Amino acid sequence: MKKLVISMVCAAFAFSLQGCKKEAEVKSNTKEVMTFEEIITNRYSCKRFKADAQLSKEQLNTILEAGRKAPTAKNLQEQHIYVVQSAEALAKIDSNTPCRYGAPTCLVVAFDKNNVFTYPGGKRDSGVEDASIVATHMILAAQSVGVNSCWINYFD
């Protein structure tokens, strides 16, 4: 049986539709194509989500696809992405961190410790870095489809 290790650097990040900061800044037309510069300039960590504003299937699929396409060391793709939306599963996240901020969807990025690239010398592997790259791609994809996000790494 494979043992998964949840990366404490990017164990989860939560996201929801709008409801953060200054709503006027959020693009209302998500079909409008943003430039990369606009995505990285406008992205921020949302700390107050609308609990009843669920992602659309199209938005979620776009975000997950960005994670799937993210580069990993030796292209091993050792990451596992869990979509957390049930009240029971969200409560488990809440019991481990105060930083979900009411988001109705969390993505937990984990990696298979037995399927990572081990750097020469055998003292380090690529698991945390690869999971971080995957999470970053998904955060930027979320912004590109009008979804706010927050990287959560404050776990007990």
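Please read all numbers here as calculations on a predicted model, not as lab measurements.

A. Spatial organisation of the overall build of the protein. Scanning the protein from N- to C-terminus turns up 4 helices and 5 strands. Out of the 156 residues in the protein, the part that is buried amounts to 42%. For the protein, long-range pairs separated by at least 24 residues make up 80% of all intrachain contacts whose partners lie at least 6 apart in sequence.

B. Broad picture of the nonpolar core. Counting residues in hydrophobic clusters, the biggest one holds 17 residues, and the most contacted among them are Ile63, Leu107, Val109, Val134, Met138 and Val147. By residue number, the principal contributor to this core is helix α4 (residues 127–144), which donates 6 residues.

C. Highlighting unusual backbone geometry. Positive phi values are uncommon outside glycine, yet Gln77 reaches one of about 50°. Mapped onto the elements of the fold, Gln77 is located in the loop between α2 (57–69) and β3 (79–84). Look at Gln77 and you get partly exposed, because its relative accessible area is 27%. At Tyr101, a residue that is not glycine, the phi angle is positive and equals roughly 60°. Mapped onto the elements, Tyr101 comes out in the loop between α3 (87–96) and β4 (105–112).

D. Broad picture of the packing of aromatic side chains. One pass over the structure, following the stated rule, counts 1 aromatic pair. Where Phe117 meets Tyr119, the ring centres are 5.3 Å apart and the plane angle is 90°; that geometry is what we call edge-to-face. Under the relative-accessibility criterion, Phe117 is labelled partly exposed at 23%. When its relative accessible area of 27% is taken as the criterion, Tyr119 is described as partly exposed.

Analysis parameters
Numbers given to residues run from 1 along each chain, matching the order in which its sequence is written. In keeping with the predicted nature of the model, local features appear solely for residues at pLDDT of at least 70, side-chain atom pairs appear and are counted solely at 80 or more, and the whole-chain, interface and lining totals rest on all residues. Side-chain measures were taken over the full set of non-hydrogen atoms in the model, leaving aside hydrogen atoms and water. Under the DSSP-based scheme used, a helix requires at least four consecutive residues in state H or I and a strand at least two consecutive residues in state E, with every element numbered from the N terminus. Only protein chains enter the calculation, and the probe is 1.4 Å; a residue is then buried if its accessible area is under 20% of its type maximum, exposed if over 50%, and partly exposed in between. We call two residues in contact when some of their heavy atoms are within 4.5 Å. For the purposes of this section, nonpolar cores are sets of buried Ala, Val, Leu, Ile, Met, Phe, Trp, Tyr and Cys residues that join through side-chain atoms within 4.5 Å. In summary, the pairing rule links any two rings of Phe, Tyr or Trp, Trp by its six-membered ring, whose centres are within 6.5 Å, and it sorts them by plane angle into stacked for under 30 degrees, edge-to-face for over 60 and tilted for everything else.

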